[in-house]
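One-letter residues, chain by chain:
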Amino acid sequence: FWNGDPLRNPASFNDDQNGNGFLFYPGPEGPLPSIRVEVLRDGMEDYDYLAILQEFVTTLQAKAEVASTPETARLLTQAHALLAIDPAIVESMRTYTKDPERLQQARAQIAEMIETLQRHSP
């Protein structure tokens, strides 16, 4: 459907579309991912991180109901803070950080907490 090379001119599909929603582009050896699809993948990975963290928190909370320790309470507090998602990172669908370092830092903190809770689990 392209009228030219979309890698050189994303508007080659239609005069006013400029890469309008393309997730993949044609490549010499098959489809090439767009930035859109890479960002979509990153968002799904972020969601997975939060889901994994929530699973560990749920397990740890159940364990804490039986036998709570100061360490368990501290870990749960930190994990809940990460699950709450700092509004400086994402406040709404339209208000979010434009600082990639801040986003990477949040991802790293969540990953570190997952690893810590994994080691802390029986």
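Refer to the structure above for everything that follows.
Below is a summary of the structure that appears in this document. What you see as residue numbers is a count from 1 along each chain, following the sequence as written. Owing to the predicted nature of the model, reporting of local features is limited to residues with pLDDT of at least 70; listing and counting of side-chain atom pairs is limited to 80 or more, with chain, interface and lining totals taken over all residues. Only heavy atoms go into the side-chain values, all of them from the structure, while hydrogens and water stay out.

Right, let's talk about the side chain of Thr72 for a bit. Put simply, DSSP marks the helices as runs of H or I at least four residues long and the strands as runs of E at least two long, and each gets a number from the N terminus on. Here Thr72 lies in helix α2 (residues 70–84). When accessible area is computed with a 1.4 Å probe and restricted to protein chains, residues below 20% of their type maximum are described as buried, those above 50% as exposed, and intermediate ones as partly exposed. Judged by its relative accessible area of 3%, Thr72 is buried. Contact definition: two residues touch when any of their heavy atoms are within 4.5 Å. Sequence-distant contacts of Thr72, defined by excluding residues within four places in its chain, comprise Leu60, Ala64 and His120.

Here we come to unusual backbone geometry. Its identity is not glycine, yet Ile85 carries a phi of approximately 60 degrees, on the positive side. Among the secondary structure elements, Ile85 is positioned in the loop between α2 and α3 (100–120). According to the relative accessible area criterion, Ile85 is partly exposed, its value standing at 34%.

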